[in-house]
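Spelled out, the chains give:
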Amino acid sequence: MGFDRGSVTCRICKLPERLPPDALERFAAQAAGPLAHVQDEPVWGWVTGRFLLETEITEENARFGSAIHLCLRQAERKIPASLMNAECRLEELVQMKARNVEHLNRKAIREIKEDVRKRLLPNMPPTFSGTYVAIDTSTQFLYVTATSEKQLDLFCGFFAKATGIDPIPMTPDSLAQLLYGTEPSSLPAVNISPVLEEDAGATGLLGENFLTWLWFYQESRNGVLPPTRLGEFSLMVDGPLTFVAQGGGAFESSLRKGTPTNSAEARSAMMVGKKLRSAKLVVVRGKGEEWSFTLDASQFILRGLKLPEGEAMDPADIFEERMANLDILRQLLFELFHLYLNTVKDTDKRREFQKKAKQWVQDHAQF
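Please read all numbers here as calculations on a predicted model, not as lab measurements.

Enquirer: I'd like a rundown of the packing of aromatic side chains, residues and numbers included.
Expert: Applying the stated criterion across every chain, the model contains 19 aromatic pairs. Considering the side-chain rings of Phe64 and Phe319, the 4.9 Å spacing of their centres and the 45° angle between planes classify their relative orientation as tilted. Highlighted residues: Phe64 in strand E3 (residues 63–64) and Phe319 in helix H10 (residues 315–345), separated in sequence by 255 residues. With respect to burial, Phe64 and Phe319 carry one shared label: buried. Taking the centre distance of 5.5 Å and the plane angle of 70° together, the rings of Phe300 and Phe337 count as edge-to-face.

Enquirer: Now, about helix H5 (residues 149–163): what can you tell me, with residues and values included?
Expert: Between its first and last C-alpha, H5 extends 21 Å over 15 residues, near the 21 Å set by a 1.5 Å rise per residue. Of the residues making up H5, those classed as buried are Leu152, Phe155, Cys156, Phe158, Phe159, Ala162 and Thr163. Just beyond H5, the residue with positive phi is Gly164, at close to 80°.

Enquirer: An account of the environment of Val344 is needed here, citing residue identities and associated values.
Expert: Of note, Val344 is situated in helix H10. Under the relative-accessibility criterion, Val344 is labelled buried at 1%. Filtering out sequence-adjacent residues up to four positions away, Val344 remains in contact with Leu187, Pro188, Val190 and Arg350.

Enquirer: Help me get a handle on unusual backbone geometry, residues and values and all.
Expert: Among all residues save glycine, negative phi is the norm, and among peptide bonds the norm is trans. For the bond from Gly239 to Pro240, the omega torsion is 5°, close enough to zero to count as cis. One can find Pro240 in strand E8 (residues 233–245). Positive phi, close to 60°, is recorded for Asn100, a residue that is not glycine. Judged by relative accessible area, which is 71%, Asn100 ranks as exposed. For Phe300, which is not glycine, the phi torsion reads 60° and is therefore positive.

Enquirer: Residue-level account of the packing of helix H8 (residues 206–220) against H10, with values.
Expert: Viewed as axis vectors pointing N to C, H8 and H10 meet at an angle of 95°, and their least axial separation amounts to 10 Å. Judged on the interaxial angle alone, H10 and H8 are roughly perpendicular. Of the residues in H10, those in contact with Leu206, Asn209, Phe210, Trp213, Leu214 and Tyr217 of H8 are Leu333, Leu336, Phe337, Leu339, Tyr340, Leu341 and Thr343. Residue classes in the contact of H8 with H10 are distributed as eleven nonpolar, two polar and no charged.

Rules and cut-offs
Numbering of residues starts from 1 in each chain and follows the order in which that chain's sequence is written. Note on the predicted model: pLDDT of at least 70 is required for a residue's local features to be given, and 80 or more for side-chain atom pairs to be given and counted; whole-chain, interface and lining totals, by contrast, use all residues. Excluding hydrogens and water, the side-chain values take into account all heavy atoms of the structure. When two rings of Phe, Tyr or Trp (its six-membered ring) have centres within 6.5 Å they constitute a pair, described as stacked for plane angles under 30 degrees, edge-to-face for angles over 60, and tilted for the intermediate range. Under the scheme used here, helices are H or I runs from DSSP no shorter than 4 residues and strands are E runs no shorter than 2 residues, and both carry numbers assigned from the N terminus. With a 1.4 Å probe rolled over the protein chains alone, any residue whose accessible area is under 20% of its type maximum counts as buried; one over 50% counts as exposed, and the rest are partly exposed. One less than the number of residues in a helix, times 1.5 Å, gives the span that helix is expected to have. Contacts are residue-level and defined by heavy atoms, with any inter-residue pair within 4.5 Å sufficient. To obtain each axis, a line is fitted to C-alpha atoms, and for helices this fit is confined to the stretch in contact; angles are then taken between N-to-C directions over 0 to 180 degrees. Here the word oblique covers every angle except those under 35 degrees (roughly parallel), over 145 (roughly antiparallel) and from 65 to 115 (roughly perpendicular). Residues are sorted three ways: Asp, Glu, Lys and Arg are charged, Ala, Val, Leu, Ile, Met, Phe, Trp, Tyr, Cys and Pro are nonpolar, and all the rest, Gly among them, are polar.

What is shown is where atoms sit, not what they do.
So, in structure tokens, the structure goes:
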């Protein structure tokens, strides 16, 4: 699924420099080739973000205002295992009868399998998958559906091959370092367990500590965030919640049913030093604009992101509207992350947060 409709799962990357003026021509030069050339090995190439068979990339079908919508398509032919096994067994029985034997040797079986593969493969329809990308050329941020490290490495390699630019994934560490000039290793993890010693409970990755702080922060403000130049926003943290403990006995626990944020299990998890790795966030601006998604805080991946319903009717206008809403969410998340950095970098602010958060955990431990 691309960025032009429905929910989307993506991560944010930063371009270290502007795309070249002929970027679309460069992508078009490495467009996906004819399907007749596709065999049993994966073949990658660029197509538009509209659908996986649109291999002609132009200004009209790939650029929408300041945004570019593309897809890195993978195509290959596959023989279903059940069909392959049945055809091989049928040929084995034929040859066993012709040779008047009860078994075939391994060499004969391998030859049968290869012959069947060569016969069936050209008749198999290609299977497709795609990694979609939406590039905001006005901000030099891009949104890509590659969530695994393997997908991301593959995407970045092909993107750099086409443009000469290697996107930088905006993980919590890179975001702190590149955008806010803060060395991640200098940021202390904060223990908010009221029953653990300071060193024992000060664990967790930067993103996990941020999301745990964000949960405390929005509850301490009754969900109302400070006014911004983009308007006034409200934030709610909801389940499913995933907690993680770092160290020699690292383990996860997930809470899904009921109201996880008010459950005894959630508070118990924080009492023993666990941090929040993922949670559903609901962001509201005004009365009709709502963003909902699950934030994977360790890598800053947005899962199942639903954007506000827009008013545009034309497909190009709809895409521009969705890109504008993506950028609003990006700015808000980054500003909240910046606020967290400023909190933990300042000794007095960190101590104040820690004191209040410990009490917050203690007060809810009875639920």
